[in-house]
Structure formats: structure tokens, C-alpha cells
Amino acid sequence: MTRWRVARLVKVRDENPSARTLVFDVPGWPGHLAGQHVDVKLTAEDGYSARRSYSLAGPEGVELTVQRVPDGEVSPYLTLDMEPGDELELRGPVGGWFVWRPDGPAPVLLVAGGAGIVPLMAMIRARRAAGADTPFRLVYAVRSPERLCYADELLRPDPGVSVSLAYTRRAPEGHPRPPGRLTAADLGPYGEADCFVCGPTGFVEAAAALLVGLGHDPARIKTERFGPTGD
């Protein structure tokens, strides 16, 4: 297991009313692959500590996007109270299966539910940073326009990357898709692709089943899920 390192916050950026991106300086950071995550530890003055895992949002440096969980122990501090210059401990990178490497030859289908966009955004950014021409398609399911993360970046043209937004509760005026749960029509067809699905457990299970039903090879569907939070 990798050791705990001291991370100093250097920059923050609000992504939506309840999500915040935090950029850390971590001396000795060994680098990571798009899709990996870190363990974060906060320690109180009385010695009590709380740990959570967060996906890395970019291909370089340590950048986390955290969705605030009501009554949570860690996310409210990270999204509301922590300021540049403050420090915490983190450990990583963690995980080697749910990752995308720029030398992968196959087209890529990314399916995000709510905060599950974070590691998939890291893959999109890694593709761009590497100058790769691998075709990417992102299907991003989110409750409403206000809950989008990385909106400006995702809505800018990015050659070889197509983005489809699936609003589940309220869509903006003029959006071509009515609000509702993800369907097979949202996902396919997309040929022989490497699929990465991330989001809450129920979303991931439903999306993976849709992909299998569309004929995708189950061995090429990689999933990552998180607890009760998300869309």
C-alpha cells in the first residue's frame, strides 16, 4: 500500500452549487493513470480521523472534484471550509483496472451518472493531453442543468469527442431529449467499444445491463460505483 502524503490545497473551483474542484500540491507525487483515485484522510484535534476515496479528475497533478453529501463527515469540509494553504493527508494512486491508457486502440464509450463524471473526465483530459485520436463518446446522465460538472469544458468543441447529456428530472428548454432515466437509445449503437461506466450502484447496474443488451461484450464493460450519493 502506498504511504500517506501531506497535500496542500493551492486552488479551488466551484463546478456547481454542491460540487467543488480542489487542486493540491503533493510533494513526491508519483503520477497516475486516468481513472485512478486517492484515499483522503482528515484528522481532528482529538485524534479522530475520517477517510474517503475520491477519483482524480485530471491526468496530471492531484485534482479532485468532490460532491457535497448532506450530513457527511468529509465532503462538507472539502467543499465549504477548506481554503488554499490548508493541508490534509492523502494516499495513492489507487486502482489499476478502471483506467484508460492513451495507447488503447479501440473507440471508447463513457457513461456517467452524476458525480461519476469525475474519473471519466480524467480520461477525456488524458486523451487531449496525449494528442490521441481515439474516438470518444460520453453519455452524461444528471438530474438537471444546475448539477452539471465541467459544463464549459464539456460543451466546447473537442475533435473526436462527442457529448450527449441525459437529464433525468429537468431538462433545459429546447433540449432534444425529454427528462427521464437512461435508455438503450441514449447509449447505442456505438460498435465495438471499450466501455467505462461510473455512478451510483443502481445507475451502474442499469447502464451495464443496457450495454449488454445492445450487444457490447461484457468483458469490455468496466464499471466503478459509489455509495448512496449521486444521481
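All values reported here derive from a predicted model rather than from experimental measurement.

Undergrad: Looking at this model, I keep getting lost on helix α2 (residues 117-130). Mind explaining?
TA: The α-helix winds at 3.6 residues per turn, so residues separated by three or four positions along the chain end up facing the same way. Under the 1.5 Å per step criterion, the end-to-end length of α2 is 20 Å for 14 residues, consistent within 8% with the ideal 20 Å. Of all the 14 residues making up α2, eleven are buried; the element is thus mostly covered by neighbouring parts of the structure. Every buried residue of α2 is accounted for by Ile117, Val118, Pro119, Leu120, Met121, Ala122, Met123, Ile124, Arg125, Ala126 and Arg127. Immediately beyond the C-terminal end of α2, within one or two residues, lies Gly131, with a positive phi of roughly 70 degrees.

Undergrad: So what exactly am I meant to see when it comes to the environment of Glu89 here?
TA: The residue Glu89 is located in strand β6 (residues 87-94) in this model. In this structure Glu89 comes out as partly exposed when scored by relative accessible area, which is 28%. With 46 residues separating them in the primary sequence, Glu89 and Thr43 have C-alpha atoms 8.6 Å apart. If we skip the residues at most four places from it in the chain, Glu89 touches Trp4, Arg5, Asp39, Val40, Lys41 and Thr43.

Undergrad: Is there a simple way to think about the nonpolar core in this case?
TA: One finds Leu110, Leu120, Met123, Leu138 and Tyr140 to be the most contacted residues of the largest nonpolar core, which totals 31 residues. Within the residue set of this core, elements represented by two or more residues are β7 (108-113), α2, β8 (136-142), β9 (161-167) and β10 (194-200). For this core, the leading source of residues is α2, giving eight residues. Beyond its immediate stretch of four places on either side in the chain, Leu138 contacts Leu110, Ala112, Ile117, Leu120, Ile124, Leu154, Ser162, Val163 and Ser164. Among the nonpolar cores identified, the runner-up in size contains 20 residues, and Ala7, Val38, Leu56 and Val66 belong to it.

Analysis parameters
- Residues numbered from 1 in each chain as written.
- Predicted model: local features only at pLDDT ≥ 70, side-chain atom pairs only at ≥ 80, totals over all residues.
- Heavy atoms only, no water.
- Helix = DSSP H or I, 4+ residues; strand = E, 2+ residues; numbered from the N terminus.
- Expected span 1.5 Å × (residues − 1).
- Buried < 20%, exposed > 50% of the residue type's maximum accessible area, 1.4 Å probe, protein only.
- Contact = heavy atoms within 4.5 Å.
- Core = buried A, V, L, I, M, F, W, Y, C linked by side-chain atoms within 4.5 Å.

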